[in-house]
Amino acid sequence: MASSSCSSARLAPARLARAHRMSPAPLAARRPLARRHISASASSSSIVVAGAAGQTGVRVVERLVERGFHVKAIVRDADKAKETLDAVMANAKSGSVEIVKADLTKQKDAEAIRAALEGAQAAVWAADTKSLGIVPGPLGIAAMAVPALRGMVPKPKADFTALTNFLDAAKEVAKPNFRLAMLTSAAVTRLGWHEDKQKHLDSVVDIPIVRLNPFGVLDVQREAEEVVRNYGISYAIVRPVGLKDDDSWPPARPVLAQGDVLVGRANRRDVADVLIAAATLPECEGKTFEMATITGYPPNDEGLAPAADLLKTDKERVAMGEDLGLGAVEYDATSAGEAFVDANRIAASQLLPGMTQDATKLEMGRTYEQLDRGEVNRESGTEATPRERALAATGSRRWFAPPVPNQDRER
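Residues numbered from 1 in each chain as written. Predicted model: local features only at pLDDT ≥ 70, side-chain atom pairs only at ≥ 80, totals over all residues. Heavy atoms only, no water.

Right, let's talk about empty space enclosed by the protein for a bit. Under the definition given, this model contains 2 cavities of 30 Å³ or more. In this structure, the second largest cavity spans a volume of roughly 40 Å³. What lines the second largest cavity is simply W249, L262, V263, G264, R265, A292, T293, I294, L351 and P353. The greatest single-element share of the lining of the second largest cavity, amounting to 3 residues, is contributed by strand β10 (residues 287-294). Partitioned by chemical class, the residues of the lining of the second largest cavity number 7 nonpolar, 2 polar and 1 charged. (1 Å grid on protein atoms, 1.4 Å probe; cavity = no way out; pocket = protein on both sides within 12 Å on 5 of 7 lines; lining within 4 Å. Points joined across faces, edges and corners; volume = space filled by probe spheres on them. Helix = DSSP H or I, 4+ residues; strand = E, 2+ residues; numbered from the N terminus. Nonpolar A, V, L, I, M, F, W, Y, C, P; charged D, E, K, R; others polar.)

Residue position: K197 is located in helix α6 (residues 195-200). Looking at K197, its side chain comes within polar contact range of the side chain of E338, at 3.2 Å. Excluding its chain neighbours within four sequence positions, the residues that come into contact with K197 are E322, D323, Y331, E338 and V341. (Polar contact = N/O pair within 3.5 Å; in protein donor to acceptor, adjacent residues only side chain to side chain. Contact = heavy atoms within 4.5 Å.)

Keep in mind that most residues, glycine aside, have a negative phi and that most peptide bonds are trans. Phi is positive for A187, close to 85°, though the residue is something other than glycine. Within the secondary structure layout, A187 lies in the loop between β5 (179-183) and α6. The class for A187 is buried, based on a relative accessible area of 0%. A positive phi angle, near 55°, is found at D260, a position not held by glycine. Relative to the elements of secondary structure, D260 occurs in the loop between β8 (253-257) and β9 (265-267). (Buried < 20%, exposed > 50% of the residue type's maximum accessible area, 1.4 Å probe, protein only.)

Because an α-helix completes one turn every 3.6 residues, residues spaced three or four positions apart along the sequence face the same direction. Taken together, the buried positions of helix α3 (residues 110-117) are occupied by A110, I113, A116 and L117. For α3, the angular spread of the buried residues around the axis is 125°, confining them to a single face. Taken together, the buried residues of α3 touch β1 (46-50), β2 (70-75), β3 (97-101), β4 (122-125) and α5 (161-173). Of the residues flanking the end of α3, it is G119, one or two places downstream, whose phi is positive at about 70°. (Arc of directions from axis to C-beta.)

Functional significance is not addressed by these values, which are geometric in nature.
Okay, here's the thing in structure tokens:
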């Protein structure tokens, strides 16, 4: 592998990724949303899923299989993969899912990853943030409890070697019109906004999990997005709000937004559908956007293409003067870009899950239902409590383990 040792320091100059049209294909959709959800030829296309054994990754594999794609599922832990992917494999056609055991962070597995990407049409990056250098440390997250209670939330240094190695391999051996759909998170830009913009959009910044930024995860994911944007490949970046499973927030209609002002809940199956759209629809090319699930509304019969077509490309948003959280030294509230953000905020502020449409009142680890019942009512601007700081340092299972039941980590 000629360039497996590439690091983020060797990024190609920023440029708009090439737009490629993909041929339409019939879909055997389980629900109307899938009817125009993808445009690649499923029968002849291979899609790679990095982090396929994770809670969202397994949903992506499942939905791809239902659409007739050949899937190469990269997993770090074979035992975990057997546990999480068994049901998908049982319902899949013979040979439609290929398990690739490889650790994205290990150089010894570089050839296996390269082989998985050989001739691939697209890939979905659903790997956990360990692959970006966020690790609990040799003593585990429990060792961080004491500094957390003292008001210190550890923020490790990012490492994008695994991501750049993956991108290098894709550029070398995948199809020329290869597309990467990257899963990150809502709120990744908010702490990077100019201070005047943070004050203006305090309703989405003054949220405990955003202020605490456990393990620096928002900063690391924001930087990882920039790695992808600047790498010279076709891409789309999906930022879901708080992730939920079917039992607590059922699948319904995915809603797309931009400006990083969306707050709420997203069902993992809907996230998987949006990631597949991001990997295959030409309307998603070169765009970064947030998504949430709006319960009570059925999926759009036309799929995500119409909504995705209305989104701005990242290059357009820069040209409009939007502060994208990358360290802007000036903030022009009158620019077209910031007017665009405000328009998104007007819609997003009406879509919170609870009756109380104010995410700043929600303490970290509490639910909107508790807020509506009056069991929690955080005052805006209040410092994080010791319980919240401890949770941020030792209980942020959104990134390291299955989520704590009945907790909202709204972003």
